[in-house]
Amino acid sequence: MKLVVTGAGGMLGHDVVRVAESMSHQVVALTHDDLDVTDPARVEGLITRERPGAVINCAAWTNVDGAEESEHDATVINGQGAGFVAGAAAKVGAKIIYPSTDYVFNGTNGPYGESDDPDPINAYGRTKLAGERATALVNGQSFIVRTSWLFGPHGGNFVETMLRLGHGGGPVVVVHDQVGCPTYTGHLAVGLLRLVDTGAYGIHHMAGEGSCSWYEFAMEIFRQAEVVTRVMASTSDMMERPAKRPANSVLVSRRSAPIRLPPWQRGLSDYLARREQGEREAPRRRSSASKRQPVLDHWPERVRQDMEGESEEAEPGAPEGEGQDAA
């Protein structure tokens with residue numbers, strides 16, 4: 001299939017392009033410099049020219065705290081821009097995937113399934129919900145894929161923040177009263193590309209299996225990376241972040257045949273191993289965390305094998321850096 005991937009320079013977009021190419025899709029990868037999704041004429045012109053079978057819209061405003069002060073700007077990208085991309089895709093008969101976020105929920109009644117009512121408590125969540133609705137409104141072949149707590153190469157993420165702080169001598173302070181589902185972009189990309197081959201339009205929840213607090217996530221990062229540091233638990237109120245975070249934004253899928261991702265601990269393991277490979281391929285100063293043997297020579301195939309036994313097609317019926325919290 002010919003795929004257009006917007007936001008291809010970002011953390012999720014980069015992995016979507018990489019996995020799609022490994023699956024022999026014809027990929028048109030567009031960074032922000034290639035396409036500003038807030039320019040409707042350019043969006044329509046480019047998608048009309050390329051005429052893809054599907055568009056995966058990874059272009060997004062992902063600065064959660066920054067959205068509090070710049071909600072209009074974030075809405076233009078996450079809301080209006082999403083509508084422009086989805087509408088242009090519809091005009092050429094293309095499917096559209098819009099990655100969204102757990103932050104569309106208020107966090108008081110988690111875990112959340114696809115049919116639960118969204119009620120965002122911060123500006124970022126409102127802008128992503130606007131994008132969900134704009135996408136679904138203008139394109140009947142749309143997949144809204146909510147995910148959470150993304151980490152992966154080619155972008156700032158919680159894992160890298162923890163490793164940097166851990167090697168800095170600590171102590172590392174992390175909130176313990178927010179619970180969610182850490183999700184490795186390499187695994188999510190495989191799930192998105194499995195979904196795009198189906199006709200299971202509508203809302204999907206797709207995140208790393210299992211859940212934890214940011215504090216528990218940090219402890220697992222240090223355990224797997226073999227970093228010894230002092231970790232202290234904090235509350236959200238003590239962190240005083242501009243954007244309020246949901247306390248329990250765990251995502252579950254209540255579809256009859258969902259696409260499931262591997263456990264979040266496996267996602268972390270695969271990320272650290274891939275990170276190690278990158279250090280071997282481009283030598284630079286190595287840290288004491290670099291003691292692992294790489295195991296990802298053929299990770300897309302390996303992940304797909306792990307998913308065997310799950311449904312190949314869901315029944316008919318959404319980024320990078322989303323929801324990062326650390327000291």
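For the structure itself, look to the data block above.
Residues numbered from 1 in each chain as written. Predicted model: local features only at pLDDT ≥ 70, side-chain atom pairs only at ≥ 80, totals over all residues. Heavy atoms only, no water.

Novice: Sorry, what's going on with the packing of aromatic side chains here?
Specialist: Working definition: an aromatic ring pair is given by the centre-to-centre distance plus the angle between the planes. Under the criterion given, the structure shown has twelve aromatic pairs. Ring plane angle 10° and centroid distance 3.6 Å describe the contact between Trp 149 and Trp 214, whose orientation is recorded as stacked. Placement of Trp 149 in the loop between β5 (142-147) and β6 (150-151) and of Trp 214 in helix α8 (residues 214-225) is noted, with a sequence separation of 65 residues between them. The buried category is assigned to Trp 214, whose relative accessible area is 1%. Site record: aromatic cluster; members linked through ring pairs are Trp 149, Phe 151, Phe 158, Tyr 184, Trp 214, Phe 217, Trp 264 and Tyr 271. (Phe/Tyr/Trp six-rings, centres within 6.5 Å; stacked < 30°, edge-to-face > 60°. Helix = DSSP H or I, 4+ residues; strand = E, 2+ residues; numbered from the N terminus. Buried < 20%, exposed > 50% of the residue type's maximum accessible area, 1.4 Å probe, protein only.)

Novice: Would you mind showing me how to read the packing of helix α4 (residues 71-91) against helix α5 (residues 123-138) here?
Specialist: Packed helix pairs are specified by the crossing angle of their axes together with the interaxial distance, meaning the distance between the axes. At a closest axis distance of 8 Å, the pairing of α4 and α5 adopts a crossing angle of 15°. By the angle between their axes, α4 is roughly parallel relative to α5. In the packing of α4 onto α5, the handedness of the crossing is right-handed. Together, Glu 71, Ala 74, Thr 75, Asn 78, Gly 79, Ala 82, Gly 83, Ala 86, Gly 87 and Ala 90 of α4 and Ala 123, Tyr 124, Arg 126, Thr 127, Lys 128, Ala 130, Gly 131, Ala 134, Thr 135 and Val 138 of α5 make up the contact between the two elements. Here the residues of the contact of α4 with α5 sort into nine nonpolar, eight polar and three charged. (Axes fitted to C-alpha atoms, helices over the stretch in contact; angles between N-to-C directions. Parallel < 35°, antiparallel > 145°, perpendicular 65-115°, else oblique. Left-handed = near helix turned anticlockwise from the far one by under 90°. Contact = heavy atoms within 4.5 Å. Nonpolar A, V, L, I, M, F, W, Y, C, P; charged D, E, K, R; others polar.)

Novice: Explanation requested: helix α2 (residues 40-50) in the structure shown.
Specialist: The periodicity of an α-helix, 3.6 residues per turn, causes residues three or four positions apart to be oriented the same way. Among the residues of α2, those classed as buried are Val 43, Leu 46, Ile 47 and Glu 50. For α2, the angular spread of buried residues about the axis comes to 90°, placing them on one side. Exposed side of α2, more than 90 degrees from the buried face: Ala 41 and Arg 49 are the residues found there. Those residues of α2 that are buried lie in contact with β1 (2-6), β2 (26-30), β3 (54-57) and α4. Just beyond α2, the residue with positive phi is Arg 51, at close to 50°. (Arc of directions from axis to C-beta.)

Novice: Help me understand the nonpolar core in this model?
Specialist: Most often, soluble globular proteins have nonpolar side chains that are buried together. By size, the foremost hydrophobic cluster in this structure holds 32 residues, and its most contacted members are Phe 158, Val 159, Met 162, Val 174, Phe 217 and Ile 221. Contributing elements (two or more residues each) for this core: α3 (64-69), α5, α6 (158-167), β7 (172-175), α8 and α10 (264-281). In terms of residues, this core owes the most to one element, α8, which gives six residues. Core analysis: the second largest hydrophobic core is formed by 29 residues, Val 17, Ala 54, Val 190 and Met 206 among them. (Core = buried A, V, L, I, M, F, W, Y, C linked by side-chain atoms within 4.5 Å.)

Novice: How should the pattern of salt bridges be read in this particular structure?
Specialist: Pairing is possible between side chains that carry opposite charge, provided their charged atoms lie close to one another. The full count for this structure, using the stated rule, is 13 salt bridges. In this structure, Arg 18 and Asp 15 form a salt bridge, with 3.6 Å as the shortest nitrogen-oxygen distance. Of this pair, Arg 18 and Asp 15 both sit in helix α1 (residues 11-22), three residues apart, which is roughly one turn of the helix. A salt bridge links Glu 44 to Lys 91; the nearest nitrogen and oxygen atoms lie 3.2 Å apart. With Glu 44 in helix α2 and Lys 91 in helix α4, the pair connects residues that are 47 residues apart, well separated along the chain. (Salt bridge = Lys/Arg side-chain N within 4 Å of Asp/Glu carboxyl O.)

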